[in-house]
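This is what each chain is made of:
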Amino acid sequence: MKIAIIGANGQLGSDLVKELSAVHQIVEWNHADIEITDIDSVNSAVKAVSPDLIINTAAYHVVPQAEKDPNAAFAVNGTGTLNLARVSQDLSIRLLHYSTDYVFDGQKQAPYVEEDSPNPLNVYAATKLSGEQFALNYSDRSWVVRVSGIYGKVPCRAKGGNFVTTMLKLAKEKPEVRVVNDEVLTPTPTADIAKATAALIQTDAYGLYHMSSEGQVSWYEFARAIWDTMGLTTPLYPASVKDFPVTVKRPFYSVMENKALKKLGISEMNDWKSGLINFLKNQVR
Ligand SMILES: NC(=O)c1ccc[n+]([C@@H]2O[C@H](COP(=O)([O-])OP(=O)(O)OC[C@H]3O[C@@H](n4cnc5c(N)ncnc54)[C@H](OP(=O)(O)O)[C@@H]3O)[C@@H](O)[C@H]2O)c1
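Engineer: So, the packing of helix α1 (residues 11–20) against helix α7 (residues 190–200): which residues are in play, and what are the values?
Structural biologist: Here α1 crosses α7 at 50°, and the two axes come no closer than 8 Å. Regarding the angle of α1 to α7, the classification is oblique. Handedness of the crossing formed by α1 with α7: right-handed. For the pair formed by α1 and α7, the contact residues are Gln11, Leu12, Asp15, Leu16, Glu19 and Leu20 on the first element and Thr190, Ala191, Ile193, Ala194, Lys195, Thr197 and Ala198 on the second. Among the residues forming the contact of α1 with α7, the class breakdown is seven nonpolar, three polar and three charged.

Engineer: Give a detailed account of α1, specifying residues and quantitative values.
Structural biologist: Burial of α1 is extensive: eight of the ten residues sit out of reach of the surface. Burial in α1 covers these residues: Gln11, Leu12, Gly13, Ser14, Asp15, Leu16, Val17 and Leu20.

Engineer: Lay out the pattern of salt bridges with the relevant residues and their values.
Structural biologist: Taken as a whole and judged by the stated rule, the model has seven salt bridges. Across the pair Glu173 and Lys169 runs a salt bridge, and its minimum N-O distance is 3.7 Å. Taken together, the residues span about one helical turn, with Glu173 and Lys169 both in helix α6 (residues 163–173) at a distance of four residues. Note on Glu173: relative accessible area 52%, which makes it exposed. It is possible to trace a salt-bridge network through shared partners that takes in Glu214, Glu257 and Lys262.

Engineer: Quick one: what's the story with the site of the ligand, residue by residue and with numbers?
Structural biologist: In the neighbourhood of the ligand, 27 residues make up the surrounding shell, with Asn9, His31, Glu35, Tyr124 and Arg157 lying closest. Measuring from an oxygen atom of the ligand, one finds a side-chain N or O atom of Asn9 at 2.7 Å. The contact in question runs from a nitrogen atom of the ligand to an N or O atom on the side chain of Lys159, over 3.3 Å. Taking 920 Å² as the accessible area of the ligand by itself, protein coverage stands at 90%. Residue contributions to the shell around the ligand peak at three residues, all from strand β4 (residues 94–100). Of the residues in the shell around the ligand, the class split is twelve nonpolar, ten polar and five charged.

Engineer: So what's going on with the sheet that holds strand β10 (residues 207–210)? Which residues, and what values?
Structural biologist: Adjacent strands of a sheet form backbone hydrogen bonds with each other and so pair up, either parallel or antiparallel. In spatial order, the strands read β2-β1-β3-β4-β5-β10; together these six strands make up an open sheet with parallel pairing. Edge strands, defined here as strands with exactly one partner in the open sheet, are β2 (25–29) and β10. With direction set aside, neighbouring strand axes in the sheet form an average angle of 20°. Along the sheet, α1 contacts β1 (2–6), β2, β3 (53–56) and β4; its crossing angle with β1, the most-contacted strand, is approximately 165°. Sheet contacts for helix α4 (residues 70–90): β1, β3 and β4; angle to β4, the most-contacted strand, approximately 160°.

Engineer: Just give me the short version of the packing of aromatic side chains, but keep the residues and values in it.
Structural biologist: Counting across every chain of the model gives eleven aromatic pairs. On the numbers, 5.9 Å between centres and 70° between planes, the contact of Phe134 with Tyr138 is edge-to-face. In this pair, Phe134 and Tyr138 are both assigned in helix α5 (residues 123–138), four residues apart and thus about one turn of the helix distant. According to the relative accessible area criterion, Tyr138 is partly exposed, its value standing at 37%. Taken together, a centroid distance of 5.7 Å and an interplanar angle of 55° make the contact between Tyr151 and Phe222 tilted. Here Phe222 lies in helix α8 (residues 219–230) and Tyr151 lies in strand β6 (residues 150–151), a separation of 71 residues in the sequence. What makes Tyr151 buried here is its relative accessible area of 1%.

Engineer: Run through the environment of Ile277, naming residues and quoting values.
Structural biologist: If you trace the backbone, Ile277 turns up in helix α10 (residues 272–282). It is 35 Å that separates the C-alpha atoms of Ile277 and Ser130, two residues lying 147 residues apart in sequence.

Engineer: Requested: an account of the environment of Phe252, with residues and values cited.
Structural biologist: Among the structural elements, Phe252 can be located in the loop between β12 (236–239) and α9 (259–263). Residue classification places Phe252 among the partly exposed residues on the basis of a relative accessible area of 38%. Phe252 sits 185 residues away from Glu67 along the chain, and the two C-alpha atoms are 18 Å apart. Once residues lying within four places of it in the same chain are set aside, the contact partners of Phe252 are Asp182, Glu183, Val184 and Val241.

Cut-offs used in this document
- Throughout this description, residue numbers start from 1 for each chain and increase along the sequence as written.
- Per-residue local features of the predicted model are confined to residues with pLDDT of at least 70, and side-chain atom pairs are confined, for both listing and counting, to 80 or more; whole-chain, interface and lining totals are unaffected and use all residues.
- As a rule here, side-chain values cover all heavy atoms of the structure and leave hydrogens and water aside.
- A fitted line through C-alpha atoms serves as each axis, taken over the contacting stretch for helices, and the angle formed by two N-to-C directions is quoted from 0 to 180°.
- Each helix is a run of DSSP H or I of at least 4 residues and each strand a run of E of at least 2, with the numbering of both proceeding from the N terminus.
- Each angle gets one of four labels, with under 35 degrees taken as roughly parallel, over 145 as roughly antiparallel, 65 to 115 as roughly perpendicular, and the rest as oblique.
- Note on convention: the crossing is left-handed when the near helix lies turned anticlockwise from the far helix by less than a right angle, right-handed when the turn is clockwise.
- Contacts were defined at the residue level, with two residues in contact if any of their heavy atoms lie within 4.5 Å.
- Gly falls in the polar group here, along with every residue not listed as nonpolar (Ala, Val, Leu, Ile, Met, Phe, Trp, Tyr, Cys, Pro) or charged (Asp, Glu, Lys, Arg).
- Per-residue accessibility, obtained with a 1.4 Å probe over protein chains only, is compared with the maximum for each type, and a residue is labelled buried under 20%, exposed over 50%, and partly exposed between these values.
- Throughout this description, the term salt bridge denotes a Lys or Arg side-chain nitrogen within 4 Å of a carboxyl oxygen of Asp or Glu.
- What makes a residue near a molecule or strand is one non-hydrogen atom of that residue sitting within 4 Å of it.
- Pairs of N or O atoms within 3.5 Å make up the polar contacts considered here, provided that, within protein, one atom can donate a hydrogen while the other can accept it, and that residues adjacent in sequence are counted only when both atoms are side-chain atoms.
- Calculation of accessible area relied on Shrake-Rupley with a 1.4 Å probe; when residues are assessed, cover is drawn exclusively from the protein chains displayed.
- Only strands that DSSP links by at least two bridges are regarded as paired with each other.
- In summary, the pairing rule links any two rings of Phe, Tyr or Trp, Trp by its six-membered ring, whose centres are within 6.5 Å, and it sorts them by plane angle into stacked for under 30 degrees, edge-to-face for over 60 and tilted for everything else.

What follows is the structure, given as structure tokens:
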């Protein structure tokens, strides 16, 4: 299959390139190669390559920045996805688009399944939800894949890192580290998302999917596992979200159950702890 990956040099995109190039012909699109907010750019890039499948990892996803500039966030997360869906549909190309656990408000306090109603609390999440709807409703052969707390070897380009790399840096530089113990989710390595994506695109079961590691953990518990695995000695303490100034409303519980993936028999996702240990042993230098 010829697959064009948008955001190929990003955190998730680079692991997708690595995983999928073993079996497929990959076209790597970085931001200089395609501007998804611009329909003409999308049309000409896609027509020049004629892929069988487009995978979109591009997003406007610095959450506080999206509050300040909702138009810019909607241009990428909403209109950008609409452009991809329209062009894919016109040219009979399949589309896989990534979304987020942040579409939920956290009130359920139990793992969210694909049938649960979203209720985005902030601009980033609302614009990502619009992108989901554009992908699913403007393209007949599309997958929307929600991921959560992602971390990979290549740092997130928009955020300049990820939770794991930030913790390792803080442990080195600070006398002590405090991490919230009342925000619960399932952090997921991008390498595992790439593996499950490789299995999903072998099917024609289009639609909405949750794709996160198994289990659930607070950010503090996750940090504690990093400390234990790496033998870090800097004091680490639990904190509350109330201890930090609230800049943007977020869900404090966003665990997802991979119900639709499991129904397809795709079981590539590790539990969060073995995913983390694997990442720390193999990918952190
Ligand atoms: N980080 C998380 O914890 C998290 C959680 C849930 C969901 N997600 C989702 O996961 C996906 C991947 O995140 P990531 O960490 O891999 O992101 P990333 O490292 O920031 O990579 C995003 C890529 O998309 C490119 N891009 C951005 N805007 C573009 C545009 N308008 N047109 C074309 N390309 C554009 C970026 O290029 P430049 O950098 O050169 O602009 C970069 O190559 C996103 O959809 C995000 O919403 C992330």
